[in-house]
Amino acid sequence: MPRFLFLLISVFCWNVKANSLKTCFNEWDSTADIILKDEPLYSELNFQDNVRKLVRPQGYIAVNSTRDVQIALKCLQLLNLQFAIKSGGHSYEKYSRGNTDAFVIDLSRLNEIEFDRRTQSVMVGAGVQAHAVSKRIWEMGNYGLPVGGCPTVGISGFTLGGGFGPMSRKWGLMCDNVVEMEVILADQRRVRASTRQNADLFWSLRGGGGGNFGIVTKFYLKPFDASAQLIVSTISYEISDFPSMFTKWLQWAATNPASSIDSIIYFKIFAPDSLVLKFVISDKDLDKSIEALNSIKRYFNEVDDPEHMKIVPFIDSLYPFYNNATKPSLVYEKHKSFFVSKWLNSTEVNSFNEKLVEHSYAQFLIQLCGGKISEKSATETAFYHRGTFFELDFGFTVPLRKDGDIQGTIADGEELEPKLKQFTESISLFIKDKAAYVNVIDGDLQCPLEKYYDKNYSKLKMVKRRYDQRDVFKFPLSIPLTCVCSNESCVHG
């Protein structure tokens, strides 16, 4: 068959399916909008700041209510159409965009935020972004949530993957602050998941990753009192200072610091030559805050220097992220992660630094674990990695070429991918951990689901079989009904 004729038939078939989908939605009186490729709103909905693995799905289903989600699932299954689920759209592998044959259920209009003063809880729609809920609950009475470091990340995917961030040692994971969820299952039933109802589903949705068991439309969260002033110390170093600084940080971290202290190392995150060490102390008791500060000062004498230290309200401690929640510029970005359960010795630190010098494009952040994260057991929720020492999130970011050449930028990024693989293999020799963070989802991992979920993986498959027997919610790294780990990857069986 001539190629032009094949393309013509394909376009005709897709138009028929799209029209059938719209007809189905109309028959059920859905208020959702179906936006196809040739419609003006499509380019806005399909904007992807990360040009790695650009996807152009068949269309977007912009839902306005929980009922719209139910109708979308019904019609998509009746017509045997592929679909993906998008909240914030921050999947590194673009799984929330599906593929060229898929329709995307876009949850961004489910952006309600309702604060209940009686219960001191907040209902958050699945389309809400981190900066929006943080701002709203702060305005409602100086409340906070342990959000991540990026303002435009959707609360939905962040929470379902566990929700590990720069405030987690003090306040726990985001999933630890959830009291209930509203979920639409594969058979379109709307159910509540909590410790009292569908407890196994609730367990799975707290760390089991997004898009596996159903579509969560509402989160009921328990914010904390964030009225206490925080001590924030941000110290900048030369890149060449990394081995000595990191060695001291590891020595300090090994003393089991108070849970009121969170700490992050940023390597080439803010600029190509930047190395930043940040401490945040959060405690209402001033004496305890000073005690925590002194525990850091024994290793980093400059921590309380006025040049580095500030006393700020909680909402300002999220700076620079939440004061710059603007539309991001285009980049080619790839990241990987390790949860590390050992303290590196001086030889290993030097080896790590040698690899960083060799791979000068590499950037990373290291977040200290422990504190309130480890107060729960590894099996209390689906998020398993509670006993680890620190999380290493690493990769590279290639900015858009100055002439705006997107294809050239993609070529620049693709050139670094095999180098990043070499870097990963080289540091794996001394890090030796087999744990990774599902929210830094990585299609290159061998047996990724075992690394994301460890001993909780078997239970997650059991829950999957109970709530999604026909594997309706499926993408390349979703939890399968059965799974066989080959030498290459964990594959659906």
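The rules behind the values
Residues numbered from 1 in each chain as written. Predicted model: local features only at pLDDT ≥ 70, side-chain atom pairs only at ≥ 80, totals over all residues. Heavy atoms only, no water. pLDDT = per-residue confidence, 0-100. Contact = heavy atoms within 4.5 Å. Pairing = 2+ DSSP bridges. Helix = DSSP H or I, 4+ residues; strand = E, 2+ residues; numbered from the N terminus. Axes fitted to C-alpha atoms, helices over the stretch in contact; angles between N-to-C directions. Disulfide = S-S within 2.5 Å. Buried < 20%, exposed > 50% of the residue type's maximum accessible area, 1.4 Å probe, protein only. Polar contact = N/O pair within 3.5 Å; in protein donor to acceptor, adjacent residues only side chain to side chain. Parallel < 35°, antiparallel > 145°, perpendicular 65-115°, else oblique. Left-handed = near helix turned anticlockwise from the far one by under 90°.

Q: Pulling in residues and values, what's your account of the confidence of the model for the protein chain?
A: On average, residues of the protein chain score 92 in pLDDT, and 92% of them reach the 70 mark or higher. For residues 4-12, every residue scores under 50 in pLDDT, and the model assigns this stretch 2 contacts once sequence neighbours within four places are set aside.

Q: Report on the sheet that holds strand E13 (residues 261-267), specifying residues and quantitative values.
A: Sheets are built from strands that pair by backbone hydrogen bonding, the pairs being arranged parallel or antiparallel. Read across the sheet, 7 strands follow the order E15-E12-E14-E13-E17-E18-E16 without closing on themselves; strand pairing throughout is antiparallel. Across the chains shown, the open sheet's two edge strands, defined by having one partner strand only, are strand E15 (309-312) and strand E16 (331-340). Recorded for the sheet is a direction-independent mean angle of 15° between the axes of neighbouring strands. Summarising the sheet, strand E12 (residues 230-237) and E15 pair through 4 bridges and their orientation is antiparallel. Residue pairing for E15: Ser233 is matched across the bridge by Met309. Contacting E12, E13, strand E14 (275-282), strand E17 (363-368) and strand E18 (390-399), helix H8 (residues 242-253) runs over the sheet at an angle of about 160° to E13. The sheet contacts of helix H9 (residues 286-297) involve E12, E13, E14 and E15, and relative to E14 the element is tilted by about 155°.

Q: How would you summarise the state of the cysteines if you had to cite specific residues and measurements?
A: Within the structure shown, the criterion is met by 1 disulfide. Shown here is the disulfide that connects Cys24 with Cys75, its sulfur atoms set 2.0 Å apart. On the S-S bond that ties Cys24 to Cys75, the torsion sits near -80°, and the link is left-handed. Of this pair, Cys24 sits in helix H1 (residues 3-27) while Cys75 sits in helix H3 (residues 66-78), placing them 51 residues apart in sequence. On the basis of relative accessibility, which here comes to 8%, the residue Cys24 falls in the buried class. With a relative accessible area of 0%, Cys75 lands in the buried category. In this structure Cys150 is a free cysteine whose sulfur lies 19 Å from that of Cys175, the closest cysteine sulfur available. For Cys369, which is in no disulfide, the shortest distance to another cysteine sulfur is to Cys175 and amounts to 13 Å. Among the residues examined, Cys369 registers a relative accessible area of 4% and is labelled buried.

Q: Tell me about the side chain of Thr159, residues and numbers included.
A: Note on placement: Thr159 falls in helix H5 (residues 155-160). Each residue touching Thr159, except ones within four places of it in the same chain, is listed here: Met174, Cys175, Val178, Leu205, Gly207 and Phe219.

Q: Before we move on, could you go through the side chain of Glu182 and cite the residues and values that matter?
A: Tracing the sequence through the fold places Glu182 in strand E8 (residues 178-184). Look at Glu182 and you get buried, because its relative accessible area is 3%. A distance of 2.8 Å separates a polar atom in the side chain of Glu182 from a polar atom in the side chain of Thr66. Setting aside chain neighbours within four positions, we find Glu182 in contact with Thr66, Arg190, Val191, Arg192, Ile215, Val216, Thr217 and Lys218.

Q: I'd like a description of the sheet that holds strand E2 (residues 59-62), backed by residues and values.
A: Spatially, 4 strands are ordered E1-E2-E4-E3 in an open sheet, and the strand pairing comes out mixed. Each edge of the open sheet carries a strand with a single partner, namely strand E1 (33-36) and strand E3 (83-86). Direction aside, the axes of adjacent strands within the sheet are offset by 25° on average. Across 4 bridges, E2 lies against strand E4 (residues 103-106) in parallel orientation. Paired with Ile61 across the strands is Ile105, a residue of E4. In the packing of H3 onto the sheet, contacts are made with E2, E3 and E4, and the angle to E4 comes to roughly 170°.

Q: Any chance you could break down the packing of H8 against helix H11 (residues 346-358) for me, citing the residues and the numbers?
A: Close contact between H8 and H11 brings their axes to 10 Å; oriented N to C, the two are set at 140°. The angle between H8 and H11 places the two elements in the oblique class. The way H8 lies across H11 gives a crossing that is right-handed. Counting all contacts with H8, which are made through Phe242, Pro243, Phe246, Thr247 and Leu250, the residues of H11 involved are Val349, Asn350, Phe352, Asn353 and Leu356.

Q: Provide a residue-level description of unusual backbone geometry, including the pertinent values.
A: Unlike most non-glycine residues, Asn142 shows phi in positive territory, near 60°. You can see Asn142 is positioned in the loop between helix H4 (130-139) and strand E7 (143-144). Residue classification places Asn142 among the partly exposed positions, given a relative accessible area of 30%. Here Asn256, not a glycine, exhibits a phi torsion of approximately 60°, which is positive. Within the secondary structure, Asn256 sits in the loop between H8 and E13.

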